[in-house]
Amino acid sequence: MCKKINEKLDGIENNLEELYSIFNSINWSVLPLILFSLEKGAFVIRQRINPEGKELSLVSEMSYPPHTCCKEYGRANIPFHPMFYCCSFNGNFDSTLPRIVSLLETSSFVKNKDTVGVERSTCSKWKVIEKLELLALPFSEKYSNPNLYIKQIQEEWNDVKQQKNIDSQALELVEYMSDEIAKEITENEKYFKIANFVYFLLYMNNMTCKYDGVVYPSVAAEGDGLNIVLKPECVDKKLKFDCASLCYLNKNREEANVIVVNHSTSKKEDGVLLFEKRSDFNEEDFKNVHFVN
């Protein structure tokens, strides 16, 4: 009896040839994926943890990293092939929730219950200037705190599964990968399967390579937030930098809050940003705290 797809995938560790042979064995014409669009005029936010002792003031520093700096696997990128990780965003740029959601995806400091101090990060807002066409992997039901949108997508996925033309192997593969992208992982190498699957979808598979990226629920926030991963070339074409701000994550073990320090006010021709401190921010409040970066 032939092994099921999930049994084959469970047996793979770092064998690229074997992994891609599974991807290529699927009937992609009946691939069960849900499409998601982010319309022109929408916004996304992206968070970068500041390097130790450094301020980020270039628009290029807010965007995806250079290929040479992307040496490890990420949740949705393979080594030396960076992607643009961001979160969907509505409302006031100063609001705390989207910043916390994006920090939970980027900061090990915030996720560690024992850490104390202040971590600096730079949050940037980007405007969609051309409609983004995205793939939504079926949202795993393992999230403990899915928001209303996530629940609606889960219901749509359950409807898709009832279609008679769905290929059982394709269904099994996609559901396996939806669980992979939902895992909380501490070792980058363990993103091997899901990162290569996303790369295959967006760059190698003729049925899906036309799409701009993928969308998935926030893993760290247990589904209470929506993450987006975009191809760098689509960022260059379909997003426009809007503004940025420096943030302090003030943390005392399990208690944490985000303080917005400043906002970018203008951009020079060479891409250098000018910042202005918020009137309600008092630097003296942080005179004796421990900065971790």
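This write-up is about the structure you can find in this document. (Residues numbered from 1 in each chain as written. Predicted model: local features only at pLDDT ≥ 70, side-chain atom pairs only at ≥ 80, totals over all residues. Heavy atoms only, no water.)

### Focus on the pairing of strand β6 (residues 213-217)
With five of five residues buried, β6 lies mostly within the body of the structure. Side chains G213, V215 and P217 of β6 all project onto a buried face; the interleaved residues V214 and Y216 project onto the opposite face, where all are buried too. Two elements, β6 and strand β7 (residues 226-230), share five bridges in a ladder whose sense is antiparallel. Along β7, the bridge assignment pairs G213 with L230. (Buried < 20%, exposed > 50% of the residue type's maximum accessible area, 1.4 Å probe, protein only. Helix = DSSP H or I, 4+ residues; strand = E, 2+ residues; numbered from the N terminus. Pairing = 2+ DSSP bridges.)

### A few points about the pattern of salt bridges
For the structure shown, the criterion picks out nine salt bridges. Where E39 meets K131, a salt bridge forms, and the shortest distance between an N and an O atom there is 3.9 Å. On the criterion of sequence distance, the pair formed by E39 in the loop between β1 (34-38) and β2 (43-49) and K131 in the loop between β4 (116-128) and β5 (132-136) is long-range, its members being 92 residues apart. Between R120 and E55 there is a salt bridge whose closest N-O contact spans 2.5 Å. (Salt bridge = Lys/Arg side-chain N within 4 Å of Asp/Glu carboxyl O.)

### Focus: the layout of surface pockets
If a probe as big as a water molecule is rolled over the atoms, it shows which places are left empty. The volume enclosed by the largest pocket comes to roughly 1,200 Å³. Lining the largest pocket are 40 residues; nearest its centre among them are G74, Y85, E105, T106 and N188. Elements with a minimum of two residues in the lining of the largest pocket: β2, β3 (84-89), α4 (96-106), α5 (108-111) and β7. Its residues assigned to classes, the lining of the largest pocket shows 19 nonpolar, 11 polar and 10 charged. (1 Å grid on protein atoms, 1.4 Å probe; cavity = no way out; pocket = protein on both sides within 12 Å on 5 of 7 lines; lining within 4 Å. Points joined across faces, edges and corners; volume = space filled by probe spheres on them. Nonpolar A, V, L, I, M, F, W, Y, C, P; charged D, E, K, R; others polar.)

### Regarding the nonpolar core
Residues L9, F23, W28, L173, F197, L230 and L239 are the most contacted members of the largest nonpolar core, which totals 65 residues. Here the element with the most residues in this core is helix α8 (residues 192-204); it accounts for eight residues. Ignoring any residue separated from it by four or fewer positions in sequence, one finds F197 in contact with F23, W28, L137, L173 and M177. Counting 12 residues, the second-largest nonpolar core is a separate cluster that includes C87, F89, V101 and F109. (Core = buried A, V, L, I, M, F, W, Y, C linked by side-chain atoms within 4.5 Å. Contact = heavy atoms within 4.5 Å.)

### Overview of the sheet that holds strand β8 (residues 239-252)
Strand order across the open sheet formed by nine strands is β1-β5-β6-β7-β3-β2-β4-β8-β9, with mixed pairing between neighbours. Two strands lie at the open edges of the sheet, namely β1 and β9 (255-260), each paired on one side alone. Along the sheet, successive strands turn relative to each other by an average axial angle of 35 degrees, direction set aside. Across seven bridges, the pairing between β2 and β4 is antiparallel. Across the sheet, I45 pairs through a bridge with K125, a residue of β4. (Axes fitted to C-alpha atoms, helices over the stretch in contact; angles between N-to-C directions.)

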